[in-house]
Amino acid sequence: MLTVRRAVYEDIPNIMRFFDQHWKPGNILAVNREFFEWQFVEDGKVNLFLGIDDEEGKIYGTFGWIEFSHYEYSDIAGCTWKTIKSSNPMLGLDLQTATWEQITSPRPRYGVTTCLSKKAARIVQLQGMAITTMDHYYRLVERGEYRIALVKDMNIPQVPDSGYQLERIDSVEEMMRVLPEEELLKVVPVKDYRYIKKRYFDHPVYQYDIWKIVRPDTTSRAVLVTREATHDGAVMCKIINYYGEIEDISKITYALDKLAEERGYEYYDVYSHGVPTQYYDEAGFLPCGEDCVNIVPNYFHPFAQINVTLTITDLKIPGLRLFRSDGDQDRPG
């Protein structure tokens, strides 16, 4: 009999097989138990609901989530929302509903995503909600050859030195001195430092660079998270997330250009939602929309030299600000 229930630790091998067979064959959640547990196991609980026939041991659907905090109410990111043909044509909705109704500690407040599959987008629209896309911006670095990007128009807007600098942050304690946890409460999704430490400082695969943004008066009110990606001997830099005073993102281009020269980047890019696009314009970043003549790849595992649009639910939440890592999008493989 097909039932919907929360996964338990003993289900993990079965879930990984389901991901391999029906979601994305060979993906890291299907082949790397350590990474699976890093993403989904919190305090001994598995953050996944299953549509499963326990007698057969067959999984027909999954819905996972990522907790951004351990406050009484937590904002979450939905992920791994996948169903196959079963006796329940509404299984996808039932999995989502169970997540909201049965999680009690912490209880979900808002659910966000940084990329909806086509099937998930249709379900969202059937629920009466609208969808939209994340803003995608990029800034090229002048190179004689590009191996990652496909550049037909080398347009690099000139931006003056604002006096802003980037300084490395090497520990979560250092980041907390720049941004006390109460500063993280000002945007949605709300995160705590338990999440940030796990997500960026203790990631089992990726190496993130965390930067303090230093103003000309030597004060700091914002933190930038970046990650390098490589292909064919070339390297680029993804702006992964940003915390703090958002207007400072328009002031760091000179520092980013200097870093790009030191490290040999082809370009920077950023996906976001809720960031005023005027800040990217002021920073000399260009939009990578449908009419963009350049190709600014997003996928590296495996590499695909294509422009990628990230579709999300159009949530009308005051203070909502999303970047590419606010969910399951910045995942290896």
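Up top is the structure.
Every value quoted in this text rests on a predicted model; they were computed, and no experiment measured them.

## Things to note about the pattern of salt bridges
According to the stated counting rule, one finds 24 salt bridges in the structure shown. Of the charged contacts, one joins Arg 33 and Glu 37 as a salt bridge, the two residues approaching to 2.7 Å between their closest N and O atoms. Note that Arg 33 and Glu 37 are positioned in helix H3 (residues 33-40) at a spacing of 4 residues, about one turn of the helix. Note that Arg 139 is salt-bridged to Asp 257, the shortest N-O span being 2.9 Å.

## A short note on H3
Burial in H3 covers these residues: Phe 35, Phe 36, Trp 38, Gln 39 and Phe 40. Capping the start of H3, Asn 32 holds a side-chain oxygen 3.1 Å from the backbone nitrogen of Glu 34, two or three residues further along.

## Here's the deal with the packing of aromatic side chains
Applying the stated criterion to the full structure yields 16 aromatic pairs. Taken together, a centroid distance of 6.0 Å and an interplanar angle of 85° make the contact between Tyr 206 and Tyr 208 edge-to-face. For Tyr 208, a relative accessible area of 2% translates into the label buried. Put simply, the rings of Phe 18, Phe 19, Trp 23, Phe 36 and Phe 40 touch in pairs and so form one group of aromatic residues. One Lys or Arg, Lys 191, reaches over the ring of Phe 68 and ends 5.7 Å from the middle of that ring.

## Details of helix H4 (residues 91-102)
In an α-helix, one full turn covers 3.6 residues, which means residues spaced three or four apart are oriented alike. Over its 12 residues, H4 runs 16 Å from end to end, which matches the ideal 16 Å to within 8%, given 1.5 Å per residue. When H4 is considered as a whole, its buried residues turn out to be Leu 91, Gly 92, Leu 95, Gln 96, Ala 98 and Thr 99. Projected onto a plane normal to the axis of H4, the buried residues spread over an arc of 155° and lie on a single side. Of the surrounding secondary structure, the elements contacted by the buried residues of H4 are strand S1 (2-6), strand S4 (48-53), strand S5 (58-67), strand S6 (73-83) and strand S7 (107-112).

## Some points on the nonpolar core
The biggest cluster of nonpolar side chains holds 67 residues, and the ones touching the most others in it are Phe 19 and Phe 36. Sort the elements by how many residues they give to this core and helix H1 (residues 12-23) lands first, with 6 residues. Setting aside anything within four residues of it in sequence, one finds Phe 19 in contact with Lys 24, Pro 25, Asn 27, Leu 29, Ala 30, Phe 36, Phe 40, Leu 48, Thr 62 and Thr 80. With 28 residues, the next largest nonpolar core counts Trp 211, Val 235, Ile 249 and Phe 323 among its residues.

What counts, and at which threshold
- Residues numbered from 1 in each chain as written.
- Predicted model: local features only at pLDDT ≥ 70, side-chain atom pairs only at ≥ 80, totals over all residues.
- Heavy atoms only, no water.
- Salt bridge = Lys/Arg side-chain N within 4 Å of Asp/Glu carboxyl O.
- Helix = DSSP H or I, 4+ residues; strand = E, 2+ residues; numbered from the N terminus.
- Buried < 20%, exposed > 50% of the residue type's maximum accessible area, 1.4 Å probe, protein only.
- Polar contact = N/O pair within 3.5 Å; in protein donor to acceptor, adjacent residues only side chain to side chain.
- Phe/Tyr/Trp six-rings, centres within 6.5 Å; stacked < 30°, edge-to-face > 60°.
- Lys NZ or Arg CZ within 6 Å of the ring centre and 35° of its normal.
- Expected span 1.5 Å × (residues − 1).
- Arc of directions from axis to C-beta.
- Contact = heavy atoms within 4.5 Å.
- Core = buried A, V, L, I, M, F, W, Y, C linked by side-chain atoms within 4.5 Å.

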